[in-house]
Amino acid sequence: MRRLLWLLCVAVGSSRWGLRGAQGKTLRGRFSSAGGGAQPAARFQFHGDHAVLYIRINDVTAAVGKEARLHLFQAQEWLKLQDSTQDHSCGEKLSKAQLTMPMNHTEQNLTVTQIPYPETWYVFYVDKFTCEENYENSESEDIQFEMVLLNPDAEGNPLDHFSAGESGLHEFFFLLVLAYFVATCIYAQSLWQTLKKGGPMHTVLKVLSIVLLFQAGSAFANYLHFSSYAKDGIGAPFMGSLAELCDIVCQIQMLYLLLSLCMGWMIGRMKKSQSRPLQWDSTPASTGIAVVVVVTQSILLIWEQFEDTNHHSYHSHHSLASGLLIGLRVCLSLSLACGLYQIIRVERSTLKREFYVTFAKGCILWFLCHPGLATISVLFRDYQREKVITIGVILCQSISMVILYRLFLSHSLYWEVSSLSSVTLPLTVASGHKSRHYF
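Residues numbered from 1 in each chain as written. Predicted model: local features only at pLDDT ≥ 70, side-chain atom pairs only at ≥ 80, totals over all residues. Heavy atoms only, no water.

What follows deals with the overall build of the chain. Scanning the chain for helices and strands turns up eleven helices and eleven strands. Excluding contacts between residues fewer than 6 apart, the proportion of contacts in the chain whose partners are at least 24 apart in sequence is 81%. For the chain, the exposed surface amounts to about 21700 Å²; the carbon and sulfur share of it is 58%. (Helix = DSSP H or I, 4+ residues; strand = E, 2+ residues; numbered from the N terminus. Contact = heavy atoms within 4.5 Å. Areas by Shrake-Rupley, 256 points an atom, 1.4 Å probe, with all protein chains shown as cover.)

Under the definition given, this model contains one disulfide. The disulfide that involves C90 links it to C131, with 2.1 Å between the sulfurs. With the S-S dihedral at roughly -70 degrees, the linkage between C90 and C131 falls on the left-handed side. With a gap of 41 residues between them, C90 in helix α4 (residues 90–95) and C131 in the loop between β7 (119–126) and β8 (143–152) connect regions that are remote in the sequence. According to the relative accessible area criterion, C90 is partly exposed, its value standing at 24%. Accessibility expressed as a relative area gives 35% for C131, which makes it partly exposed. Cysteine C246 remains unbridged, with the sulfur of C250 as its closest cysteine sulfur at 6.9 Å. Free cysteine C396: the closest other cysteine sulfur is in C369, separated by 5.1 Å. (Disulfide = S-S within 2.5 Å. Buried < 20%, exposed > 50% of the residue type's maximum accessible area, 1.4 Å probe, protein only.)

Glancing now at the environment of L255. Residue position: L255 is located in helix α7 (residues 237–271). The spatial distance from the C-alpha of L255 to the C-alpha of W366 is 9.1 Å, given a sequence separation of 111 residues. Setting aside residues no more than four positions away along its own chain, L255 makes contact with V293, V294, Q297, L332 and F367.

So, about the sheet that holds strand β5 (residues 99–102). Across the sheet, four strands lie side by side as β2-β7-β4-β5; this open sheet has antiparallel pairing. Looking at strand neighbours, the two that pair on one side only are β2 (39–46) and β5, the edges of this open sheet. With strand direction ignored, the average angle separating the axes of adjacent strands in the sheet is 20 degrees. In terms of strand pairing, β2 meets β7 through seven bridges, oriented antiparallel. Each residue of the ladder has a partner; that of Q45, found in β7, is T120. (Pairing = 2+ DSSP bridges. Axes fitted to C-alpha atoms, helices over the stretch in contact; angles between N-to-C directions.)

Geometry only, nothing functional implied.
Have a look at this one:
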């Protein structure tokens, strides 16, 4: 079973690794003449009064000869043009650009000013051949370029590589890594001692610890990526991909753990089987259900990567695959909530009911945080939505981990709970010829 889980993680991670687009705002490439419309060059969320687009080209003569220039459109205006019922010609569309910069020098700056609030801008490359439908690019020379997109920093100087939608993430991941470091210093030794003792909760605690390590690894890799990004606008794509892969491992491991535990309890209660030490992954029925759901989620994750190559670990539902993933998490939350409710409703032991209620809170918070935050994010402006989802999901899932850790640690010494069956027998601790009942 573990081998299957790791194969799924590697498959999904490889798709992210191979399809991950250039996230940096220092762009290098070639402009080539082509008919049929403007060529997209960049997308950036400017803010403030002194945002800057800097470009350097290697062949000014070729650029002047082709009348090369950059056209900047506000995203809303460009989408209105695309959706307009009027039949605008290519030239008419390009003439409506909010800003235009002719490329007639080796190095040039264009200042974007008077932005009332952060918004997305599209940058297009245009030359005299752009609107020719049947133009063949056989003799025209390409223009090598380097483009840097900058926002004003706290002092108003255009030195910030982060777009409005990314600002604050570097500081957030720094604080998150710091929190993980402090928590490790405080709790690592006692947790290690608990794991060495074994016991009925040993398997669950071990898996939760592995998930926590991958969560911390994802946060640290993201921090390294954004630290590099802040300096050059490119970052460390390898670390960004590694952060996403760690996040995928967390999602798959937690999905399998929570689902197989819940399914084991529900199936065991229906069969009224006797309690055994925790073996959460060995019931054929619960394992089969968990595997099917894990495979389904992995397929949707891979599909999502093919539909959207420019993304973070969490993003809003702009594609069909993302919408299906959110729907899957909602269905999982409702199904597990119904199953746990049935267990809680018939459970006579107060302590056991409290255990199931707390477990349900941690479980539902883990699955519902992404759909909930994706829904709430529509109330925010476009540049705020991804940050709301990313930061919110990480914090909610961290809280869920704390809830589950406290729950299983507090019961690891006195409750033998089995994922294969509901706990129907009281746990007894022998003392001479007497037994003390804890339930």
